[in-house]
Amino acid sequence: MTGPGAAPSTPSYAHWRNTLSTFREHDGGLEWRGQHESLRIEPWGPDSVRVRAALVPLRDDIPGALMERPGTEAEIVLPDLTGLTVFKNGLGSPTDAVPPARLVNGRITAELTVDGVLRFVRTEDGTELLAERPAHFWWPGTRVHTPVGHGYHRLEQNFQAYEGERLYGLGQRQHGLLDQKDTVIDLVQRNTEITIPFVLSSRGYGLLWNSPAVGRVEMVRTGTRWVADSARQIDYWITAGDRPADVLRSYADATGHAPAFPDWATGFWQCKLRYRTQEELLGVVREYKRRGLPISVIVADFFHWTRLGDWKFDPAEWPDPAGMVRELDELGVKLMVSIWPSVNRSSENYDELERRGLFAANEYGTPAHATWIDKGSDSRVMVSFYDPTNPETRDYVWSHVQENYQRLGINLWWLDACEPEMKPGHPANLRYHAGHGQEVANLYPRENARLFHEGMAASGNTDGMSFSRSAWAGSQRYGTAVWSGDIGTDFAALRAQIAAGLNIGLSGIPWWTTDIGGFHGGDPDDPAFREVLVRWFQFGALCPIFRLHGFRLPWLPLGGEMTGGPNEVWSYGEEAYEIMCGYLALRERLRPYVAEQMATASDEGLPPMRPLFLEFPEDETAWTVADQFLLGPDLLVAPVTEAGATSREVYLPAGASWRCAWTGTSYEGGARHTLDAPLDRIPLLLRDGAELPVNG
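Everything numeric in this text was worked out from a predicted model, so none of it was measured. (Residues numbered from 1 in each chain as written. Predicted model: local features only at pLDDT ≥ 70, side-chain atom pairs only at ≥ 80, totals over all residues. Heavy atoms only, no water.)

1. So, the packing of aromatic side chains
Aromatic ring pairs are described here by two measures, namely the spacing of the ring centres and the angle between the planes. How we decide: We call Phe, Tyr and Trp rings a pair once their centres come within 6.5 Å, taking the six-membered ring for Trp, and we label the pair stacked below 30 degrees between planes, edge-to-face above 60, and tilted otherwise. Numbering of helices and strands runs from the N terminus; a helix is a DSSP stretch of H or I covering at least four residues, while a strand is a stretch of E covering at least two. Classification of residues uses two cut-offs on accessible area relative to the type maximum, computed with a 1.4 Å probe and protein chains only: under 20% is buried, over 50% is exposed, and between them is partly exposed.
By the definition in use, this model includes 41 aromatic pairs. Plain terms: the ring middles of tyrosine 168 and tryptophan 623 are 5.9 Å apart, the flat faces sit at 45° to each other, and that makes the pair tilted. Here tyrosine 168, found in strand 12 (residues 167-169), pairs with tryptophan 623, found in the loop between helix 12 (612-615) and strand 34 (629-631); they are 455 residues apart in sequence, far enough to count as distant. The buried category is assigned to tyrosine 168, whose relative accessible area is 1%. Judged by relative accessible area, tryptophan 623 falls into the buried class, the value being 7%. Ring-pair connections join several aromatic residues into one group, and the members of that group are Phe313, Trp318, Trp398, Tyr405, Trp413 and Phe452.

2. Focus: empty space enclosed by the protein
Filter applied, for reference: Cavity means a closed set of points on a 1 Å grid over the protein atoms alone, one where a 1.4 Å probe fits but cannot get out, pocket means an open set with protein on both sides within 12 Å along at least 5 of 7 lines, and lining means a residue has an atom within 4 Å of a point. Grid points are joined across faces, edges and corners, and a volume is the space filled by probe spheres set on the points.
In total, this model carries 4 cavities of 30 Å³ or more according to the counting rule given. Estimated volume of the largest cavity: approximately 120 Å³. In terms of lining residues, the largest cavity is bounded by 17 residues, among which Ala252, Gln476, Gly508, Pro510 and Gly605 are the most central. For the lining of the largest cavity, the secondary structure elements donating two or more residues are helix 2 (244-255) and helix 9 (491-506). Tallying contributions element by element places helix 2 first for the lining of the largest cavity, with 3 residues.

3. A word on the side chain of aspartate 310
Note the threshold: Within this scheme the basic residues Lys and Arg register as positive and the acidic residues Asp and Glu register as negative, but His and the chain ends are omitted. Salt-bridge detection follows one rule: a side-chain nitrogen of Lys or Arg within 4 Å of a carboxyl oxygen of Asp or Glu. By definition, residues are in contact when any of their heavy atoms lie within 4.5 Å.
Mapped onto the elements, aspartate 310 comes out in the loop between strand 20 (297-300) and helix 4 (321-330). Comment: no salt bridge for buried aspartate 310; closest opposite-charge side chain is lysine 312, at 5.3 Å. Leaving out residues up to four positions away in the same chain, aspartate 310 has contacts with Ser347, Glu348, Asn349 and Asn404.

4. Re the sheet that holds strand 23 (residues 361-362)
The condition that has to hold: Only strands that DSSP links by at least two bridges are regarded as paired with each other.
One open sheet holds the 3 strands; their spatial order is 23-27-28, and the pairing between them is antiparallel. Edge positions in the open sheet fall to strand 23 and strand 28 (435-436), since each of these has one partner strand only. Inspection of the sheet shows strand 27 (residues 430-432) paired to strand 28 by 2 bridges, in the antiparallel sense. By the bridge assignment, arginine 431 is partnered in strand 28 with histidine 436.

5. Observations concerning the packing of helix 6 (residues 391-404) against helix 8 (residues 444-459)
A packed helix pair is summarised by two numbers, namely the angle formed by the two axes and the spacing between the axes. Put simply, the rule is: Helix axes are fitted to C-alpha atoms over the stretch in contact, other axes to C-alpha atoms as well, and angles between N-to-C directions run from 0 to 180 degrees. When an angle is under 35 degrees it counts as roughly parallel; over 145 it counts as roughly antiparallel; between 65 and 115 it counts as roughly perpendicular; any other value is oblique. Less than a right angle of anticlockwise turn of the near helix away from the far helix marks a crossing as left-handed, whereas a clockwise turn marks it as right-handed. Side-chain classes follow a simple rule in which Ala, Val, Leu, Ile, Met, Phe, Trp, Tyr, Cys and Pro form the nonpolar group, Asp, Glu, Lys and Arg form the charged group, and the remainder, Gly included, forms the polar group.
Following both chains from N to C, one finds helix 6 and helix 8 inclined at 60°, their axes separated by 10 Å at the closest point. If you check the angle between helix 6 and helix 8, you find them oblique. Like other packed secondary-structure pairs, helix 6 and helix 8 cross with a definite hand, here right-handed. Residues Arg394, Val397, Trp398, Val401 and Gln402 of helix 6 touch helix 8, and the partners they reach there are Glu447, Arg450, Leu451, Phe452, Glu454, Gly455, Met456 and Ser459. A breakdown of the residues in the contact of helix 6 with helix 8 according to their chemical character gives 6 nonpolar, 3 polar and 4 charged.

6. Side note on helix 10 (residues 527-541)
Going by this rule: To estimate how far a helix should extend, the number of its residues minus one is multiplied by 1.5 Å.
In this model helix 10 runs 21 Å from its N-terminal to its C-terminal C-alpha over 15 residues, within 8% of the 21 Å that 1.5 Å per residue would give. Of all 15 residues that make up helix 10, 12 are buried, and the element is covered over most of its length. Along helix 10, the residues classified as buried are Phe529, Glu531, Val532, Leu533, Val534, Arg535, Trp536, Phe537, Gln538, Phe539, Gly540 and Ala541.

7. So, the sheet that holds strand 22 (residues 342-344)
Taken in spatial order, the 3 strands make up an open sheet running 22-25-24, and their pairing is antiparallel. Each edge of the sheet is formed by a strand with only one pairing partner; in this case those strands are strand 22 and strand 24 (370-372). The sheet shows a mean angle of 45° between the axes of neighbouring strands, direction not considered. For strand 24 and strand 25 (residues 381-385), the ladder comprises 3 bridges, and the chain directions are antiparallel. Residue tryptophan 372 lies in a different strand from strand 25, and its bridge partner there is valine 381.

8. As for the pattern of salt bridges
The tally for this structure, following the rule as stated, stands at 59 salt bridges. For the salt bridge of lysine 375 with glutamate 317, the shortest nitrogen-to-oxygen distance reads 2.9 Å. Of the two residues, lysine 375 is situated in the loop between strand 24 and strand 25 and glutamate 317 in the loop between strand 20 and helix 4; the sequence distance between them amounts to 58 residues. Residue classification places lysine 375 among the buried positions, given a relative accessible area of 10%.

9. Quick look at the confidence of the model for the protein
Caution applies to low-pLDDT parts of the model: their predicted coordinates are not meant to be read in detail. Convention followed: Every residue gets a pLDDT, meaning the predictor's confidence in that residue, from 0 to 100.
Predicted confidence across the protein gives a mean pLDDT of 94, with 95% of residues reaching 70 or more. Throughout residues 1-20 the model reports pLDDT below 50, and contacts reaching past four residues in sequence, or to other chains, amount to 27 contacts.

Given below as structure tokens:
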């Protein structure tokens, strides 16, 4: 019987499934196909799964952050369809009657409906962790693939939003927010803005958007949407944990652990823009030693070179770098050198790099990417950026770095401008060895760090590290420290660094710091800036890395003659000097404790600079505090970030007792307290009877 009023047809589920979608087990995972889309769910480490989806066959050659798939076994449950009939029309959706397929891996279970919608639940009790959300009941769905040409798509992945959920991580931002719920974040590398597409949720999961593509993430009240502007497949990884620390441990296992942190690096790093000559730099170190002040590292900043891209000292200003390194070594000080990925056309290396195709290229094959006023030029010249995603490039650059620096005893690399700082910054116009710029551009700083890490490993001289202005997921496994870039020099900038440091630590980067005092300006003779500098120095002494840097007044134009004003601890007047000397001594006393936290970071993936909720997840208020942090588990730090302040309110988490490290006064947890904070004191509190040598 056909026509109006006829009974709906009731084909078997097998017939409906074969015409619309299919489930199958594949290589220990679960696959689904339907509506021209392929979806694969795989166990990827304990309590974790990886999800990939595309309109074309899934690929394994697109770069990402994940390490090789561990040998994790999961339980896969396909629907029992015995005797099941499904109505195609008339009485409702067929998916209402079809149970989901399930992949169970420890704490996390992935449930997949017959029409390809994913839901992640806690295995123990079925609590929903995260679920995909269709953008519309008809079209588009939870995953959107919009063609942009040549097999690439604008990709969207839609998830549910949850009332009260808090989201952390996503690299480093300058908006000053710790909880990034209700924000829209560009997924692109910029000076001071570091894209690491990992979020830690207060609901007990962590999610890595495993794509270095340019795009954005929208974490708003109506839903969360991850977007890649032009890429070939959706790829993300999700893990579940009972506590935030469990999530971070799994994330480190999946993307790589930081190597052991060198003991020397826990000390004080002296830097300014810039020491122009060998004698000037040595004079600063000699003065630190004459005054009996600790110093572990000093930096030779940019323009120490002959030409950008020569990667060697200018002999006119640095006549005996080998002798300089020997003297520094005798004084117990390491030398760090600034190395940029840009290459002047006048560099001795330019022609060879171009001939061998080792530069990033634009869509038309031209390798010029920015202008720069280099040594020997009164006007801007064109420079190009080498392509570290190419193994051949990494070998070529390292061979010159090894010959001109490491052979002298240098093993510390300041990887500046490595976002990279191209002008204009249009990734869509770039092609790398790893792929099209839109699909892989965010990978650049990680692969640049890889160049130096693998070079050091091959040389056998591994007591070094790189220091980078940018990073991506997995940068930590290449032994790179990160700083927050060319930030401002006021209290507002200082306040923003606290949340910035906490979020990048939650994104897998444990080795982090700022320019103490900020970068852009600051008059050493201005009392207002001296106050900022002192408060920032106190904060810096309790950061994972303790480093003084900045472009102090007076300004000079960009070029080989530029050098900023003085930026040593004795440059800011007697009062500031005495206070900073006290914090140099404090850092020296805390170095064994800092080293312990760095070891924990390497072993477990837990950052040394921690938000309060990482240690106290049961305390709801701890999830909201963005202007304090814990250095390791035992030392609570409350930076002073207001001009003229002589006290500040401090929240002490519930579940512990607290004692002022300066006065010995005890305080209750789970409450706010106003603590004295004269100019020479940053509030520091010890947890549960911990004994640390803060007060001498």
